[in-house]
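What the coordinates show
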Amino acid sequence: MFNKYNFSSGKDGLHILILGGVHGNEVAGTIAQRKIIRQLETGKLKMKSGSVTFVPVVNEAAHRNDTRFVDVNLNRVVRFHQNPSNNEERIANCLVKEIDNCDFMLDLHSTHCEGDTEFAFIDYNTARNRELLSLVPVKNALAGWPEIYAKNGAIADYCTERYAYLNNKAGITVECGYHKSPRAVDVALNSILNVLTHYGIVDLPRSKRNEQNVINMSSFVVKTSAGKLSRNYQHLTKIKKGEVLARYDNGENIVAEADGYIIIPNHNANIGDEWFYLGYR
Ligand SMILES: [Zn+2]
């Protein structure tokens, strides 16, 4: 279903799982993993304890088409499917086995717009997840994703983080920046190397720790008919109470209920897609 690369030190220790390409067109994590795999294969980077599994491209069919997914969004169906009925459900059945086998999971994604800034999701505020978060080189982290999905009920939240959490694993998602920017590859590279170093997997000098600004997400908006965002919002643009965020062609406006942030706006969202998220303070 997907290619995976296992490296074991032959010594006791933790098992780390690194994922890329859960969304096929998000290549920063894929490129970064391939670089580190090469370094491990050539001996330039040495194992110290425990083991690591890399899956540079989880959704290979989507990756070949340079699309987010083939049939359904994989990061909404990450659970075991008794009778998988599409490409992503079949992948999910392989992916959950990899998560079952790990202690810590780092899921590397990237975002739609040029100039997007890097950030992380910490869906479950556990001590191990906060530790993992402190190892990734991003300034902002978003919390509250499962709660906004539960509140809305529109789209089931079967993401990698949730599966990890429910199965007692630590796991966070890093959005490394714009898919095709070299900076996003660096964010992915440093995230992986910091995590592998901190948990004693590879033999490198000490990892850098970071402190993040954690923003609580409060809701999201699904695009229900034709319309446009009211301006060229970027991820984490600050918004003011009463500001018109988006206009539907039928004349209806979506207005900010409080001061806060607009989160991962998708200017090219199709009808039925998540259009943007909101974080209020
Ligand atoms: Zn993604």
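Before reading on, note that the structure itself is shown above.
This section reports on the structure supplied with the text. (Residues numbered from 1 in each chain as written. Predicted model: local features only at pLDDT ≥ 70, side-chain atom pairs only at ≥ 80, totals over all residues. Heavy atoms only, no water.)

1. Topic: the layout of surface pockets
One number sums up the size of the largest pocket: a volume of about 610 Å³. When contributions to the lining of the largest pocket are tallied by element, the ones reaching two or more residues are β4 (104-111), β7 (170-178) and β14 (274-280). If you tally residues by element for the lining of the largest pocket, the top one is β4, at three residues. Along the lines of polarity and charge, the residues of the lining of the largest pocket split into eight nonpolar, 12 polar and eight charged. Of the volumes computed, that of the second largest pocket is approximately 190 Å³. With four residues, helix α7 (residues 182-198) is the single largest residue contributor to the lining of the second largest pocket. Of the residues in the lining of the second largest pocket, the class split is three nonpolar, four polar and four charged. (1 Å grid on protein atoms, 1.4 Å probe; cavity = no way out; pocket = protein on both sides within 12 Å on 5 of 7 lines; lining within 4 Å. Points joined across faces, edges and corners; volume = space filled by probe spheres on them. Helix = DSSP H or I, 4+ residues; strand = E, 2+ residues; numbered from the N terminus. Nonpolar A, V, L, I, M, F, W, Y, C, P; charged D, E, K, R; others polar.)

2. Digging into helix α3 (residues 87-100)
Taking 1.5 Å per residue, 14 residues should reach 20 Å; α3 reaches 21 Å between its end C-alpha atoms and fits that length. Within α3, 10 of the 14 residues are buried, which leaves it mostly tucked inside the rest of the structure. Taken residue by residue, α3 has Asn-87, Glu-88, Glu-89, Ile-91, Ala-92, Asn-93, Leu-95, Val-96, Glu-98 and Ile-99 as its buried positions. Tucked inside the fold, the buried residues of α3 contact β2 (15-20), β3 (51-55), α2 (60-64), β4 and α6 (160-166). (Expected span 1.5 Å × (residues − 1). Buried < 20%, exposed > 50% of the residue type's maximum accessible area, 1.4 Å probe, protein only. Contact = heavy atoms within 4.5 Å.)

3. Description of unusual backbone geometry
Of note in the backbone geometry, Asp-66 takes a positive phi value of approximately 55 degrees without being a glycine. Tracing the sequence through the fold places Asp-66 in the loop between α2 and α3. On the basis of relative accessibility, which here comes to 41%, the residue Asp-66 falls in the partly exposed class. The backbone of Asn-168 sits at a positive phi, close to 65 degrees, despite the residue not being glycine. Residue position: Asn-168 is located in the loop between α6 and β7.

4. Some points on the coordination of the zinc ion
Protein ligation of the zinc ion involves His-23 (ND1), Glu-26 (OE), Glu-26 (OE) and His-109 (ND1), the donor distances falling in the range 2.0 to 2.5 Å. Coordination at the zinc ion comes from four donor atoms whose angles at the metal span 56 to 148 degrees, giving a geometry best classed as irregular. One chain supplies every donor to the zinc ion, and in sequence these donors are spaced H-x2-E-x82-H. Each member of the pair, His-23 together with Glu-26, is buried. (Donors = N, O, S within 2.8 Å, 3.2 Å for Na, K, Ca; no water. Tetrahedral: all angles 85-135°; square planar, octahedral: opposite > 155°, others 65-115°.)

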